[in-house]
Amino acid sequence: MPETIFSKILSGEIPCHKVYEDARVLAFLDINPLAFGHTLVIPKEPAPTMDALSEESAAALGAVLPRLCRAVMEVSGCRHYNLLQNNGAPAHQAVFHVHFHIIPKPSSDEGLGIGWPAGSLEDGAALAERLRNALGA
Ligand code: 5GP
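Per chain, residues are indexed from 1 in the order of the written sequence. Confidence filtering applies because this is a predicted model: local features only for residues at pLDDT of at least 70, side-chain atom pairs given and counted only at 80 or more, and all residues used for totals across whole chains, interfaces and linings. The basis for every side-chain value is the complete set of non-hydrogen atoms in the structure, without hydrogens or water.

Now for the environment of Asp 22. Every helix listed is a DSSP run of H or I at least four residues long, and every strand listed is a run of E at least two residues long, numbered separately from the N terminus. Here Asp 22 shows up in the loop between β1 (18–21) and β2 (25–29). Under the scheme applied here, a residue whose accessible area is under 20% of the maximum for its type counts as buried, over 50% as exposed, and between as partly exposed, the area being computed with a 1.4 Å probe on protein chains only. Residue Asp 22 is classed as partly exposed on the basis of its relative accessible area of 26%. In this structure, the C-alpha to C-alpha distance between Asp 22 and His 97, residues 75 residues apart in sequence, is 17 Å. A polar atom in the side chain of Asp 22 sits 2.6 Å from the side chain of Tyr 20. Here a polar contact means two N or O atoms within 3.5 Å. Within protein one must be a hydrogen donor candidate and the other an acceptor candidate, and residues neighboring in sequence count only if both atoms are side-chain atoms.

Nonpolar side chains (Val, Leu, Ile, Met, Phe, Trp, Tyr) within 5 Å and like charges within 9 Å form the patches, drawn only from residues with over 30% relative accessible area and no salt bridge. In short, Shrake-Rupley with a 1.4 Å probe defines the accessible areas, and a residue's cover is counted only from the protein chains shown. Note on definitions: salt bridges are taken to be side-chain nitrogens of Lys or Arg within 4 Å of carboxyl oxygens of Asp or Glu. A contiguous nonpolar surface patch, about 310 Å² in accessible area, is contributed by Leu 121, Leu 127 and Leu 131. On the secondary structure map, Leu 127 appears in helix α3 (residues 124–135). Judged by relative accessible area, which is 38%, Leu 127 ranks as partly exposed.

Here we take up the pattern of salt bridges. Going through the model one piece at a time under the given rule, you end up with 3 salt bridges. With its nearest N and O atoms 4.0 Å apart, the salt bridge here joins Glu 3 to Lys 8. Classification of Glu 3 as exposed rests on a relative accessible area of 56%. Overall, the relative accessible area of 25% leaves Lys 8 in the partly exposed class. Close ionic contact of Lys 18 with Glu 21 constitutes a salt bridge, the shortest N to O distance being 2.7 Å. In this structure Lys 18 comes out as exposed when scored by relative accessible area, which is 51%.

Being near a molecule or strand, for a residue, means having at least one of its heavy atoms within 4 Å of it. The local shell around the ligand holds 16 residues, among which Asp 30, His 92, Ala 94, His 99 and His 101 are the closest. Measuring from a nitrogen atom of the ligand, one finds a backbone N or O atom of Leu 29 at 2.9 Å. A distance of 3.3 Å is found between a nitrogen atom of the ligand and a backbone nitrogen or oxygen belonging to Ile 31. Protein burial of the ligand: of its 530 Å² of free accessible surface, 82% is covered by the chains. Here the element with the most residues in the shell around the ligand is helix α1 (residues 5–11); it accounts for 3 residues. Gly falls in the polar group here, along with every residue not listed as nonpolar (Ala, Val, Leu, Ile, Met, Phe, Trp, Tyr, Cys, Pro) or charged (Asp, Glu, Lys, Arg). Of the residues belonging to the shell around the ligand, the class tally is 9 nonpolar, 6 polar and 1 charged.

By the element assignment, His 38 lies in the loop between β2 and β3 (39–43). Of the residues examined, His 38 reaches a relative accessible area of 3% and is grouped as buried. Every residue in contact with His 38, bar those within four places of it in the chain, is listed here: Leu 29, Asp 30, Asn 32, Pro 33, His 101, Ile 102, Ile 103 and Pro 104. The contact criterion used is simple: two residues touch if any of their non-hydrogen atoms lie within 4.5 Å.

Before going further, it helps to spend a moment on helix α2 (residues 55–76). The terminal C-alpha atoms of α2, which comprises 22 residues, lie 31 Å apart, in line with the 32 Å expected from a rise of 1.5 Å per residue. Note on bend: the value at a residue is the angle between axes fitted to the seven residues ending there and to the seven starting there. The sharpest bend along α2 measures roughly 35° and falls at Leu 65, with the proline Pro 66 sitting one to four residues further on. Within α2, burial applies to Ser 57, Ala 60, Leu 61, Val 64, Leu 65, Leu 68, Cys 69, Val 72 and Ser 76. Buried residues belonging to α2 abut β1, β2, β3, β4 (81–84) and β5 (100–104). Following α2 by one or two positions, Gly 77 adopts a phi angle in the positive range, close to 75°. One less than the residue count of a helix, multiplied by 1.5 Å, gives the span that helix is expected to have.

Listed below in structure tokens is the structure:
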């Protein structure tokens with residue numbers, strides 16, 4: 001996989017404000033925070049997007065995310081937050097190394113703003129079946 005800012009942070013070539021580290025995961029402060037306490041959580045595995053990540057790294061991320069969210073809540077003083085994970089440039093991914101954002105939501109007009117152009121579900125049974133088939137279930 002090509003080098004990214006985050007692989008350079010993992011190798012120590014670029015500094016970061018580290019919040020947490022274990023054998024598979026690193027968490028550090030976002031350099032351009034959307035809100036006070038905005039934290040990034042990345043696997044050490046160099047996967048560009050979530051669909052390319054191993055189950056081991058995904059499990060390690062999942063295991064530590066609730067604890068990191070609680071720490072961000074405590075220090076930011078925010079009861080509300082968004083957990084954001086972008087995949088692909090049109091989906092607002094800028095750094096092609098899997099990462100979760102933990103973004104405190106201090107008020108309705110601070111933190112992450114989300115456009116949510118909801119439609120209505122058409123033929124959900126067929127769609128769910130296609131997805132089950134894609135999963136091999
Ligand atoms: P994305 O849009 O890919 O989901 O988010 C990438 C995030 O990485 C952005 O929020 C951006 O501020 C953050 N970021 C980019 N470069 C650096 C850096 O060098 N150090 C840190 N700590 N964060 C960075």
